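Architecture and fold: a report
Residue-level listing of the chains:
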Amino acid sequence: MLKTKLGNDLLRNKWLYIMILPVIIYYIMFHYVPMYGAIIAFKQYIPAKGILGSDWVGFKHFEDFFSSIYFFRVIKNTISLSFFNLLFGFPAPILLALLLNELKSPLFRRITQTITYMPHFITLVVVAGIIRYFTLSDGLINDVIALFGGTRTSFLQQPESFRPIYIISEIWQQIGWGTIIYLAAISGIDQQQYEAAKIDGANKLQQIRHITLPGILPTVMIMLILSLGNIMNVGFEKIILLYSASIYETADVISTFVYRKGILEFNYGYSAAVGLFNSVINFGILLLANYFSKRTSKNSLW
């Protein structure tokens, strides 16, 4: 019965399946086949011997990581950066979308949207260069500080300054791009609800609270679940371009730790174990976030 239904569906929608075939092949080749290499996390991997020829070491790499002096540092830094990025960065595009939706001039709205989402398309190398230039002891930010009688300092050499710099730059880069999704969700709300609210005497804030926010809640929850599922994946490229040994105390995260161990120190098995641990934690958080979202708001990925 099932085979018959599947066969009929394939025949009826064959062109749709042909269209999606390249996507399926892509995910199989670049997302599922490479998962075979995860077994080097349980081996003392030596490239000359290959994956199958390398000796099994079981959970040795995991035990070494858990007992490492760097374990709590990279976990704390990863969670801290992700938490503050989620706390300040996640609501930012929602607020901007709500503000843009209230603008009366279409031209001004388009100009504002263009200006805010342009940083998303700037390559990270350029972004990191801008941040480094602005935060130098003789950079623009220090020029402003000195103008008001402050003391010049090289911010990227101060561990306590890294997190604010990273979070602010992330918001600057992503706030405009994120508004596209929420503006699309707002545009899908029935405009008759706003007309009815106006007749009932509701002001703008009341309309946003009782119509706009509930209308975009499913989108917000889906985006929140996806964000929580990546909470352990802090922006590796930007951190690599910005950090130095002097700020490892606050800037060293799991992804940069994996990079140093695997690429710089050639300890492939150990770095694979750390990366696998990170992926498992992310997957667990994603499942929990999806479960609680489904229980509380009836919105979920599956």
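Residues numbered from 1 in each chain as written. Predicted model: local features only at pLDDT ≥ 70, side-chain atom pairs only at ≥ 80, totals over all residues. Heavy atoms only, no water.

1. Quick look at the overall build of the protein chain
- Tallying secondary structure elements over the protein chain gives 16 helices and two strands in all.
- For the protein chain, the C-alpha radius of gyration of 24 Å lies well beyond 19 Å, the compact-globule estimate for 302 residues.
- In terms of principal-axis extent, the alpha carbons of the protein chain reach across some 80 × 75 × 35 Å.
- Within the protein chain, buried positions represent 33% of all 302 residues. (Helix = DSSP H or I, 4+ residues; strand = E, 2+ residues; numbered from the N terminus. Rg over C-alpha atoms; globule rule 2.2 N^0.38 Å. Buried < 20%, exposed > 50% of the residue type's maximum accessible area, 1.4 Å probe, protein only.)

2. A closer look at the packing of helix H6 (residues 91-101) against helix H7 (residues 106-117)
- Relative to each other, H6 and H7 sit at 160 degrees, their axes nearing to 10 Å. In terms of axis orientation, H6 runs roughly antiparallel to H7. By crossing handedness, the relation of H6 to H7 is classed as right-handed. Of the residues in H7, those touching H6 at Leu-96, Leu-100 and Asn-101 are Arg-109, Thr-112, Gln-113 and Thr-116.
- The class makeup of the residues in the contact of H6 with H7 is two nonpolar, four polar and one charged. (Axes fitted to C-alpha atoms, helices over the stretch in contact; angles between N-to-C directions. Parallel < 35°, antiparallel > 145°, perpendicular 65-115°, else oblique. Left-handed = near helix turned anticlockwise from the far one by under 90°. Contact = heavy atoms within 4.5 Å. Nonpolar A, V, L, I, M, F, W, Y, C, P; charged D, E, K, R; others polar.)

3. Considering unusual backbone geometry
- The backbone phi angle of Phe-266 is positive, close to 60 degrees, even though this residue is not glycine.
- Along the chain, Phe-266 falls in the loop between helix H15 (254-264) and helix H16 (268-297).

4. Digging into the nonpolar core
- Within the largest apolar cluster, 19 residues are counted, with the highest numbers of intra-cluster contacts made by Ile-94, Tyr-182, Ile-216 and Val-220.
- Listed by contribution, the elements that provide at least two residues to this core are H6, helix H10 (159-187), helix H11 (191-199) and helix H12 (204-229).
- Looking at this core element by element, the count peaks at six residues for H6.
- Every residue in contact with Ile-94, bar those within four places of it in the chain, is listed here: Tyr-182, Ile-216 and Val-220.
- One finds Leu-156, Phe-162, Ile-239 and Leu-242 within the second-largest nonpolar core, a separate group that totals 17 residues. (Core = buried A, V, L, I, M, F, W, Y, C linked by side-chain atoms within 4.5 Å.)

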